[in-house]
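Examination of the molecular architecture
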Amino acid sequence: MHCTASAWAELGFADRSSSFSEEGTRAHAWAGEALESGITADEWYTQQLIRIENELGDDANAYEAAIDQLAADYPDDMREYVQDYIDYVTGRIAEAQERNPDAIVFIEQRVDFSPWVPEGFGTGDCVIISDDMLDITDLKYGKGVFVAVEENVQLMLYALGAWNMFRHLFDIKRVVLNLYQPRIGNIAQWEIGVEQLLEWARGRVKPTADRVWHAMETGDLSNVEFNASDPEACQFCKAKVHCRARNERMMAMTIHEFREPALLTDEEVIACLAEAQHLQKWAGDLETWALEEAGKGRKFKGKKLVEGRANRKYTDETAIRWVLDLEGFKPEQYMKSKLLGVTDMTALLKGKKNLEKLLGQYITKPRGRPVLVDESDPRPELDDKAKAAEGFEPVE
């Protein structure tokens, strides 16, 4: 809707996953399965513990690994956010049932809005129909981008799909859209009439979708355009790294015509700060792409992939404290809020030789994360493709 050429541009790029999207998928699954079963987030987690016990209880190593992985994938803070969302949805259901005891509730409901967008569909996290009202709630687990509920295109399309599926069974006249983004406290609601929704679908959605679909099928871009005026919108485009319009928009941000005097005003500094945040994301996208390509073996003129710097780490803090106690050190000497870092510990022990002698077996230096640098950098180029590809994670 915003950038009508983006769908065509994305055709050449594969879907990508990241730790952020995977985290959101796990939160949605947790919430959806708990709501479907009518249980709390804690009860769902307990069920997973029982399942692991039943499946792997006889294999101590596999059991411990599975428990650790479960805790890593579904941490305590996620549990709290998911339960808050469950409570919100449960409240929406209770309100609907007060209006009509026969209210219909769908969790993770696929909705089809293909009459307006070819092959268009989505999944409503919670869809409720009671009397003449359609109520849709969408969980947004991310915290990087604030999502507005008013005139939210995704939710309005979901509402179209739900109305299209159930209009023969219910006389739906109004739609309430709920957006739940718990990690930044964004919990919002917006209402729209069905007639207004359909007018938007006929007047804006279908004509736009027809143009976009034509461009995707034929490659004819005469009726679509690239629009990079909203940097936040570009963040979710698969073609964002190679998009010329986005590149030009970011480069334009770096050019300012400031009035006298020579020093910036406070207002100008704040204006630059807002733009710098978008530039930082853009630079991160470019760097991540280049690193990933280099990790696959691709060569860039004037650049090479090397092992980045890494900090030394302790492997057994309990053993280190024991050694220090035996050497006569007091806890207040080697502990602050936690054990002193390796650099400060070196100073406490009067040098690297003493550090190595006393604690060397409990200190390790992991491999540094690969970085792309100029060819003039003295560090040797990574020539092991498998090692070079380790540890890459998209920046969002």
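Report follows, based on the coordinates. Since the model is a prediction, treat every value here as computed from it, not as a measurement.

**Some words on the environment of M165**
Note that M165 resides in helix α6 (residues 153–166). Take M165: its relative accessible area is 34%, and that puts it in the partly exposed class. C-alpha of M165 to C-alpha of F113: the two residues are 52 residues apart in sequence and 8.7 Å apart in space. Beyond its immediate stretch of four places on either side in the chain, M165 contacts Q109, R110, V111 and D112.

**Some points on the nonpolar core**
Within the largest apolar cluster, 31 residues are counted, with the highest numbers of intra-cluster contacts made by W116, L134, I136, L160, V175, L177 and L197. Those elements that provide at least two residues to this core are β2 (121–130), β3 (133–139), α6, β4 (174–181), β5 (186–193) and α7 (194–218). Counting residues per element, this core draws most heavily on α6, at nine residues. Discounting chain neighbours no more than four positions away, the residues touching L177 are I136, V149, L155, M156, A159, A188, Q189 and W190. One finds I39, Y45, I107 and Y180 within the second-largest nonpolar core, a separate group that totals 29 residues.

**Thoughts on the pairing of β5**
Pairing between β4 and β5: eight bridges, direction antiparallel. Residue R174 lies in a different strand from β5, and its bridge partner there is G193. Where β4 folds back on β5, the antiparallel hairpin that results is connected by four residues, among which G185 adopts a positive phi of roughly 70°.

**Looking at unusual backbone geometry**
With a phi angle near 55°, E108 is a residue other than glycine that sits in the positive phi range. Of note, E108 is situated in strand β1 (residues 104–112). Assessed through its relative accessible area of 36%, E108 is described here as partly exposed. Notably, E151 is not glycine yet its phi reads approximately 55°, a positive angle.

**Section: the pattern of salt bridges**
Taken as a whole, this structure holds 22 salt bridges when the rule is applied. Linking E293 and K296 is a salt bridge whose minimum nitrogen-to-oxygen distance equals 3.4 Å. What makes E293 buried here is its relative accessible area of 16%. For K296, a relative accessible area of 51% corresponds to the exposed category. With a shortest N-O distance of 3.9 Å, R321 and E317 are connected by a salt bridge. Separated by four residues within a single helix, R321 and E317 lie in helix α11 (residues 317–326), roughly one turn from each other. Residue R321 is classed as partly exposed on the basis of its relative accessible area, which comes to 28%.

**So, a nonpolar patch on the surface**
A cluster of nonpolar residues, W8, L11 and F226, forms a patch on the protein surface that exposes about 280 Å² of accessible area. Within the element layout of this structure, W8 appears in helix α1 (residues 6–10). Judged by relative accessible area, W8 falls into the partly exposed class, the value being 32%.

**Details of the sheet that holds β1**
With mixed pairing, the five strands of this open sheet are ordered in space as β1-β2-β3-β4-β5. The outermost strands of the open sheet, each flanked by one partner alone, are β1 and β5. Between one strand axis and the next, the sheet turns through 25° on average, direction left out of account. Note: β2 against β3, five bridges, orientation antiparallel. Paired with I129 across the two strands is L134, which belongs to β3. On top of the sheet, helix α2 (residues 19–37) reaches β1, β2 and β3; it is set at about 135° to β1, its chief contact. Lying over the sheet, α6 contacts β1, β2, β3, β4 and β5, oriented at roughly 105° with respect to β1.

**A few points about the packing of aromatic side chains**
Note on aromatic pairs: each is described by the distance of the centres and the angle between the planes. Across all of its chains, the model carries 11 aromatic pairs by this definition. For the ring pair W30 and Y74, a centre distance of 5.3 Å and an interplane angle of 85° mean the geometry is edge-to-face. Of this pair, W30 sits in helix α2 while Y74 sits in the loop between α4 (60–73) and α5 (76–99), placing them 44 residues apart in sequence. A single burial state applies to W30 and to Y74, both of which are buried. With centroids separated by 5.0 Å and ring planes inclined at 40°, the aromatic side chains of Y88 and Y180 adopt a geometry described as tilted.

Conventions and cut-offs
- Residues numbered from 1 in each chain as written.
- Predicted model: local features only at pLDDT ≥ 70, side-chain atom pairs only at ≥ 80, totals over all residues.
- Heavy atoms only, no water.
- Helix = DSSP H or I, 4+ residues; strand = E, 2+ residues; numbered from the N terminus.
- Buried < 20%, exposed > 50% of the residue type's maximum accessible area, 1.4 Å probe, protein only.
- Contact = heavy atoms within 4.5 Å.
- Core = buried A, V, L, I, M, F, W, Y, C linked by side-chain atoms within 4.5 Å.
- Pairing = 2+ DSSP bridges.
- Salt bridge = Lys/Arg side-chain N within 4 Å of Asp/Glu carboxyl O.
- Patch = residues over 30% accessible without salt bridge, like charges linked within 9 Å, V, L, I, M, F, W, Y side chains within 5 Å.
- Areas by Shrake-Rupley, 256 points an atom, 1.4 Å probe, with all protein chains shown as cover.
- Axes fitted to C-alpha atoms, helices over the stretch in contact; angles between N-to-C directions.
- Phe/Tyr/Trp six-rings, centres within 6.5 Å; stacked < 30°, edge-to-face > 60°.

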